[in-house]
Amino acid sequence: MPGLSTWAVRRPVLALVAWFIAMVSVIGLGSQLGGELNDSFDLPDTESTAALELLESAGTDTGSLDGGANIVWSPTADGAPAVDPAVLALVTPVLEKVAALDSVACVTNPVGPSLGAECPPPSEPPSEEEIAAMPAEVQAAMAEAAASFSSVSPDGHVAYSTITFKNGGTDVSVEDAKVIIDEVKALNTDTLEAGANGSVLEFAGQEPPSSEGIGILVAIVILLIAFGSVIAAGLPIVVALVGLATGQMAVLIFANWLDIATFAPTLAAMIGLGVGIDYALFVMNRYRQAVLAGRAAKDAALESVHTAGRAVLFAGSTVIIALLGLWVLRINFFNGLSVAAAVTVLMVMLSALWLLPALLSLLGYKALSLRLPWGKKPGTVHGEGKAWAHYGRLLQRRPIVPVVLSVIVVAILAIPMFSLRQGFADDSGKPAGSLARTAYDLRAEGFGPGVNGPFVVAMKLSKDGDVESYAEILQGIAATEGVARTQPSVGVLPLVMANPAQFGLDGDVAVIGVIPTTAPQDEATTALLERLRTQTNPALAEATGALIYVGGTQAITTDFTTVLTDALPLFLLIVVGLGFLALMLLFHSLVVPLTAAVTSLLSFAAAMGITVSVFQWGWLNDLLGVPGTGPIFPFLPIMVFSILFGLSMDYQVFLVSRMQEEWNRVGDNAAAVRRGLAGSGRVVVIAAAIMSSVFLAFVPSTNGTIKLFGLALASAVIIDAFIVRLILVPSLMTMLGKANWWLPGWLDRILPIVHIEPGEDEIVDDEEPTPATVGA
């Protein structure tokens, strides 16, 4: 990669042409051959997956279990019936239009036959004479079945229709989803309230993100203040945007082979924009330092790529490795997320190491032109950073004080993390008035809170048509604490015994729906799942010889949380271990990489504490626009740490590499720390300010996942850069003295030497070190 950057400086026109060809190729492939985004994922070796596979093996339609949607409506007048003819005159045309969409297989109708070309044929109802001839208990069971499976609430005030999509909802077009959303929105009047929910509809109903523009505007202001030149401030932005656009198209290419979530491009854009500006900033800043110190423009460009460019390569590679470390989880959902983010980081890193050096070489001194009043002319500054060196000396007067204070601050911020509850938030956390929130509230009002998160119990009976075992299992599940009702209900059993084929009991696979008494994200619902799996079902399985699995969307999310929680220690060990080895190779030290790893964990803990306090405890919810509280998405901690660890390594490399160079020059640890701050403290502040601004710009997003990531990542960057890297690490390294640079002799001899930031003449100290201070 240094060879690529050097070639770009020496042959700028050719390098720009080559970049343009590469960029157009990627964009062309992405736009023409890009794959479809989807939120599907599978969890190997989990009970919910076993339940789904059992139902699919029996030919049971599982589309309504994981890829469906609901349209819910209720008159605004108290007690008015939801199936009143005047209401149905408004609702039925909407259901018919939805049923006619290409992506839709079937739409249920609460007062008539289902709509759609792929609806199962309705069963022929018995005649009045046949009903009269039935035993009384069977007649009562028929009435109970009608009420149990009804999509009209017991009080008649709420009704809903279930949409089943073709192919389990994996091929629903955005256009069809928007038609559904628009039609349901149009149903809302002064006399009727309607909503719709379902994962298929969620992404299509979001407004296009505009957060990138806000982050870019803030970055421009910061860079104008820092560089005092319009061109110098604009170059990192342009370079980052070009790399980001290329990366986003590359993500679509990979979507042909990987399951990449619908929010992945936005998350990748958030990360890519932040690191892209930062990487270009590091190269641009080193170029500016060299030019201000009197270097020739091309020499300054070569120096920037041989120093800051190598640091960017190392830092970017660390971020990519940390992101790809998510593959150890063996979950396709994470594979897609990690590749999307890693590819975007790779493209913005290439942009900083290929496109930017060519532009600097081509522009020469004009890269610092259009100076603002505070801008500096080339050759007029001989060494900068004296204020930062003075700041370092202040820290070194009593280093134990900033160490203790910074650790206390980070520890206080991390306290809420110990209350972290992982899980998926339900639609009760959506903004009030949104279609999803309206649907959630109406269903909970009409049918109870558990209807929004039912479980699906799949069973393989010991023989075909084993009605007795089915009845025993149904009764046992219905009697379990926390179960509001089952589908079918216990009262329907006489009808099941009389006509088992009607309930799918002509084979050896059967299914029971379980409605909890509590809402999906309630802890009691998770406790019910645990109770069914560890107490009720094992006892019933032993008594009947059946295999019983609890699945459904709610069980899948719980299993997802469990898998990630169990995998987190291994993930942390791999990512931190690889980071430790990389820093040990770079700095030939054991203490420096150990300090970096431990302090990264501190930053992570503090960021998660802030996240819990806002999204789980509800602090500052109104200010930040968080509509409700709930558990933290289980993939957030792993994703945040993988991103944070890479970014914190960036700052560690840029600070400590200057310190290492000074240590190698005169062996003065105190001076090394000061010169590290003098050379890189300013650019780390600028980079962290831009990065956190980009992340914070995503907090106003209406997408709850993006809002969550925006706040978590912004908190992580602010804490890591401004508290950990610029206060705790310099103070701690001052206290440790020459131990910072210790490495066993045998290991030092076999490790290759890697130089990143040679040279020291662009920065100054507030007091020049002398060889007499060696070992300080």
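Residues numbered from 1 in each chain as written. Predicted model: local features only at pLDDT ≥ 70, side-chain atom pairs only at ≥ 80, totals over all residues. Heavy atoms only, no water.

## Thoughts on the pairing of strand E3 (residues 159-165)
Working step 1: Most of E3 sits inside the fold, with seven of its seven residues counted as buried.
Working step 2: The two faces of E3 match: Ala-159, Ser-161, Ile-163 and Phe-165 on one face and Tyr-160, Thr-162 and Thr-164 on the other face are all buried.
Working step 3: As judged from the five bridges shared by strand E1 (residues 69-75) and E3, these two strands associate in the antiparallel manner. In the sheet register, Trp-73 faces E3, and the bridge partner there is Ala-159.
Working step 4: Here strand E2 (residues 104-107) pairs with E3 via three bridges, running antiparallel. Bridging from a neighbouring strand, Val-104 pairs with Phe-165 of E3. (Buried < 20%, exposed > 50% of the residue type's maximum accessible area, 1.4 Å probe, protein only. Helix = DSSP H or I, 4+ residues; strand = E, 2+ residues; numbered from the N terminus. Pairing = 2+ DSSP bridges.)

## Examining the sheet that holds E1
Working step 1: Spatial strand order, E2-E3-E1-E4: four strands in an open sheet with antiparallel pairing. Of all strands in the sheet, those with a lone pairing partner are E2 and strand E4 (192-197), marking the two edges. Strand-to-strand twist of the sheet, defined as the mean angle between neighbouring strand axes without regard to direction, takes the value 20°.
Working step 2: Sitting on the sheet, helix H8 (residues 174-187) touches E1, E3 and E4, and the angle it makes with E4 is about 160°. (Axes fitted to C-alpha atoms, helices over the stretch in contact; angles between N-to-C directions. Contact = heavy atoms within 4.5 Å.)

## Section: the sheet that holds strand E8 (residues 547-551)
Working step 1: The antiparallel open sheet is built from four strands, whose spatial order is E6-E7-E5-E8. With one partner strand each, in any of the chains shown, strand E6 (483-487) and E8 form the two edges of the open sheet. For this sheet, the mean angle separating the axes of adjacent strands, direction not counted, is 25°.
Working step 2: Summarising the sheet, strand E5 (residues 455-460) and E8 pair through five bridges and their orientation is antiparallel. Bridge pairing in E8 links Ala-458 to Tyr-549.
Working step 3: Each of E5, E6, strand E7 (509-516) and E8 is contacted by helix H19 (residues 467-478), which is oriented at about 15° to E7, the strand it contacts most.

## Quick word on the confidence of the model for the chain
Working step 1: The predicted model of the chain averages 83 in pLDDT, with 88% of residues at 70 or higher.
Working step 2: Mean pLDDT values over the elements of the chain span from 50, in helix H4 (residues 63-66), up to 95, in helix H17 (residues 400-414).
Working step 3: Of the regions scoring below 50 in pLDDT, residues 769-776 engages in 17 contacts with residues more than four places distant in sequence or in other chains. (pLDDT = per-residue confidence, 0-100.)

## As for the nonpolar core
Working step 1: Among the nonpolar cores identified, the biggest contains 164 residues, and Tyr-279, Phe-334 and Phe-709 are the most heavily contacted of them.
Working step 2: The element that contributes the greatest number of residues to this core is helix H15 (residues 332-363), accounting for 21 residues.
Working step 3: Discounting residues that sit within four places of it in the chain, Phe-709 has contacts with Phe-263, Leu-267, Met-270, Phe-635, Leu-636, Met-639 and Val-640.
Working step 4: Among the nonpolar cores identified, the runner-up in size contains 30 residues, and Ile-71, Val-152, Leu-192 and Leu-201 belong to it. (Core = buried A, V, L, I, M, F, W, Y, C linked by side-chain atoms within 4.5 Å.)

## Digging into the side chain of Asp-720
Working step 1: Within the element layout of this structure, Asp-720 appears in helix H27 (residues 704-736).
Working step 2: For Asp-720, a relative accessible area of 1% corresponds to the buried category.
Working step 3: Once you skip the residues sitting within four places of it in the chain, Asp-720 turns out to touch Thr-599, Ser-600, Ser-603, Leu-644, Ser-648, Tyr-651 and Arg-725.

## Looking at unusual backbone geometry
Working step 1: Residue Gln-487 is joined to Pro-488 through a cis peptide bond whose omega torsion reads 0°.
Working step 2: With respect to the helices and strands, the residue Pro-488 is situated in the loop between E6 and helix H20 (493-498).
Working step 3: Even without glycine at this site, Leu-370 takes up a positive phi of about 55°.
Working step 4: Residue placement: Leu-370 occurs in the loop between H15 and helix H16 (386-397).
Working step 5: A positive phi is found at His-588, a non-glycine position, where the angle reads about 50°.
Working step 6: With respect to the secondary-structure elements, His-588 resides in the loop between helix H22 (553-587) and helix H23 (591-615).

## Some words on the environment of Ala-527
Working step 1: Following the sequence through the fold, Ala-527 ends up in helix H21 (residues 523-544).
Working step 2: Sequence separation of Ala-527 and Gly-482 is 45 residues, and the distance between their C-alpha atoms is 8.5 Å.

## So, the packing of helix H12 (residues 264-292) against helix H25 (residues 635-666)
Working step 1: As a packed pair, H12 and H25 sit with axes 12 Å apart at the nearest point and diverge in direction by 5°. When the axis of H12 is compared with that of H25, the two are roughly parallel. On H25, the residues that touch Leu-267, Ile-271, Val-275, Asp-278, Tyr-279, Phe-282, Arg-286 and Gln-289 of H12 are Met-639, Ile-643, Leu-647, Asp-650, Tyr-651, Phe-654 and Arg-658.
Working step 2: Along the lines of polarity and charge, the residues of the contact of H12 with H25 split into 10 nonpolar, one polar and four charged. (Parallel < 35°, antiparallel > 145°, perpendicular 65-115°, else oblique. Nonpolar A, V, L, I, M, F, W, Y, C, P; charged D, E, K, R; others polar.)

## Some remarks on the pairing of E7
Working step 1: Extensive coverage of E7 is indicated by the burial of seven of its eight residues.
Working step 2: Sheet topology note: the E5/E7 ladder contains six bridges and is antiparallel. Counterpart to Phe-455 in the pairing with E7 is Val-514.
Working step 3: Where E6 and E7 come together, four bridges link them in antiparallel fashion. Looking across to E7, one finds that Val-483 is bridged to Pro-516.

## Section: helix H13 (residues 297-306)
Working step 1: Of all 10 residues making up H13, seven are buried, and the element is well covered by its neighbours.
Working step 2: All of the buried residues in H13 are Ala-297, Ala-300, Ala-301, Leu-302, Glu-303, Ser-304 and Val-305.

## Details of the pattern of salt bridges
Working step 1: Taken as a whole, this structure holds nine salt bridges when the rule is applied.
Working step 2: Among the salt bridges present, the one from Arg-533 reaches Glu-47, with a minimum N-O distance of 3.5 Å. One end of the pair, Arg-533, is in helix H21; the other, Glu-47, is in helix H3 (residues 47-57), with 486 residues separating them in the sequence.
Working step 3: A residue is classified by how much of its surface remains accessible, and Glu-47, at 22% relative accessible area, is partly exposed.
Working step 4: Arg-295 is paired through a salt bridge with Glu-303; the nearest N and O atoms lie 2.9 Å apart.
Working step 5: Through salt bridges with shared partners, one network takes in Glu-47, Arg-533 and Asp-559. (Salt bridge = Lys/Arg side-chain N within 4 Å of Asp/Glu carboxyl O.)

## Considering the state of the cysteines
Working step 1: Per the stated rule, a full pass over the model turns up one disulfide.
Working step 2: One disulfide in the model links Cys-106 with Cys-119; its S-S distance is 2.0 Å. Here the S-S torsion is close to 105°, and the disulfide linking Cys-106 with Cys-119 is therefore right-handed. In this pair, Cys-106 sits in strand E2 while Cys-119 sits in the loop between E2 and helix H6 (128-133), placing the two residues 13 residues apart along the sequence. Of the two residues, Cys-106 and Cys-119, neither departs from the other in class, the shared state being buried. (Disulfide = S-S within 2.5 Å.)

## Some details on a nonpolar patch on the surface
Working step 1: Side chains of Ile-400, Val-401, Val-404, Leu-405, Ile-408, Ile-412, Ile-415 and Met-735 sit close together on the surface and give an oily, nonpolar patch of about 710 Å² of accessible area.
Working step 2: In terms of residues, the nonpolar patch owes the most to one element, H17, which gives six residues.
Working step 3: Here Ile-412 is to be found in helix H17. (Patch = residues over 30% accessible without salt bridge, like charges linked within 9 Å, V, L, I, M, F, W, Y side chains within 5 Å. Areas by Shrake-Rupley, 256 points an atom, 1.4 Å probe, with all protein chains shown as cover.)

## Regarding the packing of aromatic side chains
Working step 1: One pass over the structure, following the stated rule, counts 10 aromatic pairs.
Working step 2: Considering the side-chain rings of Phe-571 and Phe-641, the 6.5 Å spacing of their centres and the 80° angle between planes classify their relative orientation as edge-to-face. Highlighted residues: Phe-571 in helix H22 and Phe-641 in helix H25, separated in sequence by 70 residues. The pair Phe-571 / Phe-641 is uniform in exposure class, with both members buried.
Working step 3: Members of the aromatic cluster, joined through ring pairs, are Phe-571, Phe-604, Phe-641 and Phe-645.
Working step 4: Directly above the aromatic system of Tyr-160 lies the positively charged group of Arg-443, at a separation of 4.7 Å from the ring centroid. (Phe/Tyr/Trp six-rings, centres within 6.5 Å; stacked < 30°, edge-to-face > 60°. Lys NZ or Arg CZ within 6 Å of the ring centre and 35° of its normal.)

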